[in-house]
Amino acid sequence: MNNDQHFYLGEDLGMGANKLFGAPGGMQVLSQVATNGSQHLLNVNGLRQRQRPLEIQTGQGSFYVGEGAHDHGRPVENLDFDRLTGAPEMVALLYGSLTRYQQQFGTIKQPIAMMVGLPLQMMSGEAAREYATQVRQWLKGIHSWTADGKPYQVEIAEVKLTPQPVGALFDYVLDEHGQFIPERAGLLKAEIGILSVGFNTLEMLVVRDRAPVERFTAGRTVGVRRLLELLNPGGTYSLGELDVALRAGRLDASTALPVWAREVNGEIEKRWGSSSRRFERIIVVGGGALLLRDALTRQFNGRAVLPDEPVLSIARGLFKLLLLKK
């Protein structure tokens, strides 16, 4: 690949938010999608008129995307891994994210070379090869859509895949130019733990001498969604609605947070146990890392490090990895 011919983009296909990072910068779009019923209330005296979310039109229908989508249409909230292989709501979410990215940073005119981070469970086991094929098939090619009535088109010319925690590792050891940070480069020869506490999953990866240590590597579905489920026993709200409230500080999680923290710590203990004491460093990323900062710092006796912007860390690391490999 030639840097003048491609636009490099790190893509973290998160269940809580879709994160993109390129040379101009990074951003996230909440992974909320709703089908558009086109039943809008207009000119309601006495009530404030809400601005509608971004409306994405694809060949598979019309969708609202991003924060507030679940207030304006019928929520589409499937959190199984098949969603990431090109389900209609995932296509709409990608298009919405690419729309917002271009609105913020400018039109992407070159073909895109994309490094995509996938959950560990999708990249291990018997189904891993099939998952990889399906993800590449739907991502690669020319994509056309409309956003709020305006046409958009991009070409994704190259798709590389890697487990999401790998992005966090390379975000930590590489600088913004894809070069190794001298004082951190040696860590790749040591044993490093990476914890990604995302919306759907807790992912644990250990790397020694730039190779994964499989007995310490696993993914579990005890991410932030588990905290939201504890706060929503009757299923009164969609997970997306609760996620928005949590991010805005409108959701009191003080009672459920310690319970969830113990569940997360328990899963880490099952996989790593006392062996975590030998890890040179433990990198912690994801939206859940902010919520569990104190608990994880205590568990690892101060060896846990959170990068700046831990939510964007994986996408930023995937972008840096593209630069390293060009």
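Cut-off values and rules
Note that residues are indexed from 1 along each chain, following the sequence as it is written. Local features in this predicted model are restricted to residues whose pLDDT is 70 or higher, and side-chain atom pairs enter the listing and the counts only when it is 80 or higher, whereas totals over whole chains, interfaces and linings include all residues. With hydrogens and water set aside, each side-chain value is computed from the structure's full complement of heavy atoms. Following DSSP output, two strands are said to pair if at least two bridges run between them. Comment: elements are numbered from the N terminus, with helices defined as DSSP H or I runs of at least four residues and strands as E runs of at least two. To get an axis, fit a line to the C-alpha atoms, keeping to the stretch in contact for a helix; angles then go from 0 to 180 degrees between the N-to-C directions. Contact criterion: two residues are considered in contact whenever any of their non-hydrogen atoms come within 4.5 Å of each other. Working rule for helices: expected span equals 1.5 Å times residues minus one. Residue burial is assigned from relative accessible area. The probe radius is 1.4 Å, only protein chains are included, and a residue is buried under 20% of its type maximum, exposed over 50%, and partly exposed in between.

Peer 1: Would you mind going over the sheet that holds strand β2 (residues 17-22) in detail, with residue names and values included?
Peer 2: The strand order β3-β2-β1-β8-β10-β9-β5-β6-β4-β7 describes an open sheet built from 10 strands, whose pairing is mixed. Each having just a single partner strand, β3 (25-30) and β7 (74-76) make up the two edges of the open sheet. Each strand of the sheet is rotated relative to its neighbour by a mean of 35 degrees, with strand direction disregarded. Note that strand β5 (residues 54-58) and strand β9 (residues 141-147) share two bridges and pair antiparallel. When the sheet's bridge partners are listed, Q57 is paired in β9 with T146. Contacts between helix α2 (residues 88-105) and the sheet are confined to β1 (7-13), β2, β3, β4 (33-35), β5, β6 (61-65), β7, β8 (112-118), β9 and β10 (150-163), with β3 contributing the most and set at about 140 degrees to the helix. Here helix α4 (residues 164-173) sits on the sheet and contacts β1, β8 and β10; the angle it forms with β10, its principal contact strand, is near 85 degrees.

Peer 1: Quick one: what's the story with the environment of R293, residue by residue and with numbers?
Peer 2: Relative to the helices and strands, R293 is located in helix α10 (residues 293-299). Sequence separation of R293 and E55 is 238 residues, and the distance between their C-alpha atoms is 35 Å.

Peer 1: So what's going on with unusual backbone geometry? Which residues, and what values?
Peer 2: Residue D209 is not a glycine yet carries a positive backbone phi of 55 degrees. Along the chain, D209 turns up in the loop between β12 (202-208) and β13 (211-212). For R210, which is not a glycine, the phi torsion comes out positive at approximately 65 degrees. Among the secondary structure elements, R210 is positioned in the loop between β12 and β13.

Peer 1: Run through helix α11 (residues 313-325), naming residues and quoting values.
Peer 2: Helix length check: α11, at 13 residues, gives a terminal C-alpha distance of 18 Å against a target of 18 Å (1.5 Å per residue), a fit within 8%. The element α11 is extensively covered by neighbouring structure, given that 11 of its 13 residues are classed as buried. Among the residues making up α11, those that are buried are S313, I314, A315, R316, G317, L318, F319, K320, L321, L322 and L323.

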